[in-house]
Amino acid sequence: MLGKKLTHTINVDVPPAMEANEAARIAFEHDLPLSRHHFVEGEHPVVRIEHLMKTFDGETQVLRDVNLNVWNGEIVVVLGPSGSGKSTMLRCINLLETPTAGHILIDDEEITGKSSKEVGIIRRDLGMVFQQFNLFPHLTAKENVMIGQTKVLKKSKEEAEAEAIKQLEAVGLGDRADYKPPQLSGGQQQRVAIARAVAMHPKVLLFDEPTSALDPELVRDVLGVMRELALYGDMTMIVVTHEMGFARDVGDRVVFMEGGVVVEQGLPEEVFDHPKHDRTKQFLGSIN
Amino acid sequence: MRNNRRDKSKGLLSALAMLMLACALLVPTTALALTTNKATARPNEDGGSGVIGGLDTRLTWEGTVEAGEEVSAVTLTLPDDGTFDDSSTKITVLEGLSRASVEGEAVASGSKLEVTFSEPITEGYLLRLEVEGMRFPSEGGDVVVGGTYVNQDGEQQLADSKPIATIANTPLQALVASLDEAAWVQVWNSNPFLGMFFKPQLLVTAFATLVPGWLLCLLIVVIAYPFAIVLGLIFALMKISKNRLLRLIAIVYVNVLRGTPLFLQIYIMFFGLPMMNINIDNNVLGVIVIAINASAYLAEIFRAGIQSIPQGQYEAASSLGMNYFQTMFDIILPQTIRRVIPTVTSDFITSYKDTSLLSSVGVMELMMFAKNLTSVSGNMTPYVAAAIFYLIVTLPLIKAVGYVEERIAHSERGGGPRPKGKTAKTSAAEAGVKLSELAVHAEALDDEHAYAPTLTPSFASEV
């Protein structure tokens, strides 16, 4: 079936981006279940990763050759064992890591090899939610959500505040607006972090293991917020996670990474229930 | 004490010599004035050089007998509130350098002291009266010693002395005087240690005397410190800058200043700058030296503080699109300041104490006053008083540092995951649901994240 062929083509032969786009067009035309995302004819991917490589300290090669396209409004869940490079890939997308080689295009615009000033502008379009939340502990929840808007987007304080309240309410923390991070639980902190990222209205939201540092009972709240965002938020999301339930229910597409390359990708139920690669089978087997 | 110094000896031998001289020089002359040479008073300020009214002191009056005179009595007069009561007078008569002895009797009554001589004092003789235990008027001011004398022609007016500056007897001086009298003070002071380090009278005097020095210390450090903070911040940012030259400058600055004694830095600035014809007021120069010295330490404190902020804070700020200055001034530095407040306060305490070194170059700060008072009084108590002045500032600050540290430790728990430990309490049912996910957690966390929380053993075994 075509899904298999595409997976194979993308990862082994490393097709140029146009071919991947073509694949999307075909997927759309033939209504093929590569992703639950509804492709639009002629649409370009919002994130286009080509031959991405990342080497740390000149020896540890974390990303060997990553190719991945993410379309507007798509929810892509990236799975993989630790050390597979999924977090590094995510951090390369908003240039927290500088790619060693390869290209990353956001809305057809190259983002690698830019000056630090340009990088700042690029990052406005890329929201990030961290495993450790990384809220600013000296600011209240509301101020955390406001600071990017006022300092970077140069919004007025009133405007930013209104947006902050709106986003905090959206994550169910309207009543915690004036609390400082130390007064919030981990789950609440992570929801504030999500509100902070969403308030910037980025083109793409990147989630780097958003629930891994949370107590199990707090994971559900955060996943709930992410699920709502994915289903009703009209947001493009790339989620690195170990939450298989979330991947299966919410993901438009699941990407399995291993050894610095994308090994397999496709509809969540395809990847989970009928994995094609041995490594995928092995990984899924180890957690089921 | 002062009473003990009263010298009641009259000197029979000198009286005899005087008699012989008087006989030899007995020549009738016309009446001229007994000239007042001087009138001085011994300082009676504890550890100071002032003459305080209303307290025992010694008046020294000198006059020269003019040609043809024979002085048989002298009466000294003080302004009304002055008193010679309970005083003792030593009479010395000199011709040139040799000393004559004259029998004399001094009778004190209130502000008058009448001295009569057994033999008239003749021409060319110097008459010195040392009146121990007299008191000037307690309101202070310039006191003129006047009076009369008696020669062969009868009573004559004595020329007024030059005014003696006296200090009003304040409650403080009255307190010191009363301590002087108090029995317990005498017992206390008879202990060599207590008397040398904690002499009550001197402690009281020192507290009053040291205040200007203490204020100067505070002024120097309070003015210097904001400059030190700004300088320190600049050098801290330079030291973590990506620019090699800036880094090098900051490293040299910080290491040279931290690697040499402040004492040396003070000497170089205070003696070096004038040699280059750069003359700055001592107090201002003191501020500059303290500011520069403190800035080097603060630079290191700030650098460490900035670098203690987790990388995640930079990443979060970057991912919002904030630039270097926004990240620094809106995110990193506000957190750094909270963290370094205790260390900076400690450094402030050090700088405050370091102002004492400025006494070595003549800045009139606390130590300088204490040193002066000690050299005048020959007692260590002023240093103890200075120590108390230092402690007045440092002890509350030390206390505050402890309090702030506690507060910070309390609030620092935010910004990252809260401490774990509740994991094991998760109910079995809930645990069952999450079991598969947790297995992945455990695997991922163990390998990938040094910062990751660990599962409690009981739970891990279930997995």
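On a predicted model such as this, the values are computed, not experimentally measured, just so you know. (Residues numbered from 1 in each chain as written. Chains lettered and ligands numbered in written order. Predicted model: local features only at pLDDT ≥ 70, side-chain atom pairs only at ≥ 80, totals over all residues. Heavy atoms only, no water.)

## Overview of the overall build of chain B
Scanning chain B for helices and strands turns up 14 helices and 12 strands. A burial count over chain B gives 46% of its 463 residues as buried. A separation threshold of at least 6 residues defines the contact pool for chain B, and within that pool the share at least 24 residues apart is 75%. Counting only carbon and sulfur atoms, one obtains 62% of the accessible surface of chain B, whose full area is about 22,700 Å². (Helix = DSSP H or I, 4+ residues; strand = E, 2+ residues; numbered from the N terminus. Buried < 20%, exposed > 50% of the residue type's maximum accessible area, 1.4 Å probe, protein only. Contact = heavy atoms within 4.5 Å. Areas by Shrake-Rupley, 256 points an atom, 1.4 Å probe, with all protein chains shown as cover.)

## A look at the packing of helix α9 (residues 311-319) of chain B against helix α10 (residues 324-354) of chain B
Residue and element names in this part refer to chain B. Following both chains from N to C, one finds α9 and α10 inclined at 155°, their axes separated by 10 Å at the closest point. Of the possible angle classes, the one that applies to α9 and α10 is roughly antiparallel. In this structure, α9 crosses over α10, and the sense of that crossing is right-handed. Residue-level inspection shows Q313, Y314 and A317 of α9 in contact with α10, the latter providing T327, M328, I331, I332 and Q335. Each residue belonging to the contact of α9 with α10 can be placed in one class, and the counts come to five nonpolar, three polar and no charged. (Axes fitted to C-alpha atoms, helices over the stretch in contact; angles between N-to-C directions. Parallel < 35°, antiparallel > 145°, perpendicular 65-115°, else oblique. Left-handed = near helix turned anticlockwise from the far one by under 90°. Nonpolar A, V, L, I, M, F, W, Y, C, P; charged D, E, K, R; others polar.)

## Some remarks on the packing of helix α2 (residues 171-181) of chain B against helix α3 (residues 183-190) of chain B
Residue and element names in this part refer to chain B. Packing of α2 against α3 brings their axes to within 5 Å, and their N-to-C directions diverge by 70°. Between α2 and α3, the angle is such that the two are roughly perpendicular. Contacts between α2 and α3 pair L179, D180 and E181 from the former with A183, W184, V185 and Q186 from the latter. Split by residue class, the contact of α2 with α3 holds four nonpolar, one polar and two charged.

## Quick word on helix α11 (residues 366-377) of chain B
Residue and element names in this part refer to chain B. Taking 1.5 Å per residue, 12 residues should reach 16 Å; α11 reaches 16 Å between its end C-alpha atoms and fits that length. The complete set of buried residues in α11 reads L366, M368, F369, A370, L373 and T374. Of the residues trailing α11, G378 is marked for its positive phi of about 65°. (Expected span 1.5 Å × (residues − 1).)

## Notes on the pairing of strand β4 (residues 101-106) of chain A
Working note: regular strand, side chains alternate between the two faces of the sheet. Residue and element names in this part refer to chain A. Summarising the sheet, strand β1 (residues 47-56) and β4 pair through five bridges and their orientation is antiparallel. Across the sheet, R48 pairs through a bridge with L105, a residue of β4. Here β4 pairs with strand β5 (residues 109-110) via two bridges, running antiparallel. Bridge pairing links I106 to E109 in β5. (Pairing = 2+ DSSP bridges.)

## Quick look at the pairing of strand β3 (residues 70-77) of chain B
Residues and elements named next belong to chain B. Among the eight residues in β3, six count as buried, and that is most of the element. In terms of strand pairing, β3 meets strand β7 (residues 112-122) through seven bridges, oriented antiparallel. If you follow L76 over to β7, its bridge partner there is L113. With five bridges connecting them, β3 and strand β10 (residues 146-151) associate as antiparallel partners. Bridge pairing links T75 to T148 in β10.

## A short note on the packing of aromatic side chains
Residues and elements named next belong to chain A. Using the criterion set out here, one finds 13 aromatic pairs over all chains in the structure. Consider the rings of F256 and F283, whose centres lie 5.1 Å apart with planes at 40°: the pair is tilted. Of this pair, F256 sits in strand β9 (residues 253-258) while F283 is found in helix α11 (residues 278-287), placing the two residues 27 residues apart along the sequence. Under the relative-accessibility criterion, F283 is labelled buried at 2%. (Phe/Tyr/Trp six-rings, centres within 6.5 Å; stacked < 30°, edge-to-face > 60°.)

## Quick word on the sheet that holds β5(A)
All names here are of chain A. If you trace the four strands from one edge of the open sheet to the other, you get β2-β1-β4-β5, paired in antiparallel fashion. A strand with exactly one partner marks an edge of an open sheet, and here the two such strands are β2 (60-70) and β5. Contacts between helix α3 (residues 86-93) and the sheet are confined to β1, β2 and β4, with β1 contributing the most and set at about 115° to the helix.

## Focus on the pattern of salt bridges
The tally for this structure, following the rule as stated, stands at 22 salt bridges over all chains. Residue A:K142 pairs with A:D178 through a salt bridge whose shortest N-O separation is 3.6 Å. One end of the pair, A:K142, is in helix α5 (residues 141-151); the other, A:D178, is in the loop between α6 (157-170) and α7 (186-198), and 36 residues separate them in sequence. Here A:K281 and A:D278 are joined by a salt bridge, their closest N and O atoms 4.0 Å apart. Here the residue A:K281 and the residue A:D278 both occupy positions in helix α11, the gap between them amounting to three residues, near one helical turn. Through salt bridges with shared partners, a single ionic network connects A:R91, A:E97 and B:E315. (Salt bridge = Lys/Arg side-chain N within 4 Å of Asp/Glu carboxyl O.)

## Comments concerning the environment of B:A409
Residue and element names in this part refer to chain B. Inspection of the secondary structure assignment puts A409 in helix α12 (residues 381-411). For A409, a relative accessible area of 44% translates into the label partly exposed. C-alpha of A409 to C-alpha of R339: the two residues are 70 residues apart in sequence and 9.1 Å apart in space.

## So, the nonpolar core
In this structure, A:L79, A:L168, A:I194, A:F207, A:M226 and A:M237 are the most contacted members of the largest nonpolar core, which totals 49 residues. With eight residues, helix α8 (residues 216-232) of chain A is the largest single contributor of residues to this core. Excluding its chain neighbours within four sequence positions, the residues that come into contact with A:L79 are A:K86, A:T241, A:M244, A:A247, A:V254, A:V255, A:F256, A:M257, A:F272 and A:F283. One finds A:V46, A:I104, A:V152 and B:L333 within the second-largest nonpolar core, a separate group that totals 47 residues. (Core = buried A, V, L, I, M, F, W, Y, C linked by side-chain atoms within 4.5 Å.)

## Some thoughts on the confidence of the model for chain A
Put simply, chain A has an average pLDDT of 85, and 86% of its residues get 70 or more. The low-confidence segment residues 1-18 of chain A, where pLDDT is below 50, has 26 contacts with residues more than four positions distant or belonging to other chains. (pLDDT = per-residue confidence, 0-100.)

## Overview of unusual backbone geometry
Residues and elements named next belong to chain A. The phi dihedral of F133 falls on the positive side, at around 65°, and the residue is not glycine. Position of F133 relative to the elements: it lies in the loop between β6 (126-129) and α5. Its identity as a non-glycine residue notwithstanding, K154 has a phi of 55°, on the positive side. When you line up the elements, K154 lands in the loop between α5 and α6.

## A short note on the confidence of the model for chain B
All names here are of chain B. Of all residues in chain B, 81% have pLDDT values of 70 or greater, and the mean over the chain is 80. The least confident element of chain B, judged by mean pLDDT, is helix α14 (residues 457-462) at 35; the most confident is helix α6 (residues 244-259) at 96. Across the predicted assembly, pTM comes out at 0.68 and ipTM at 0.86.

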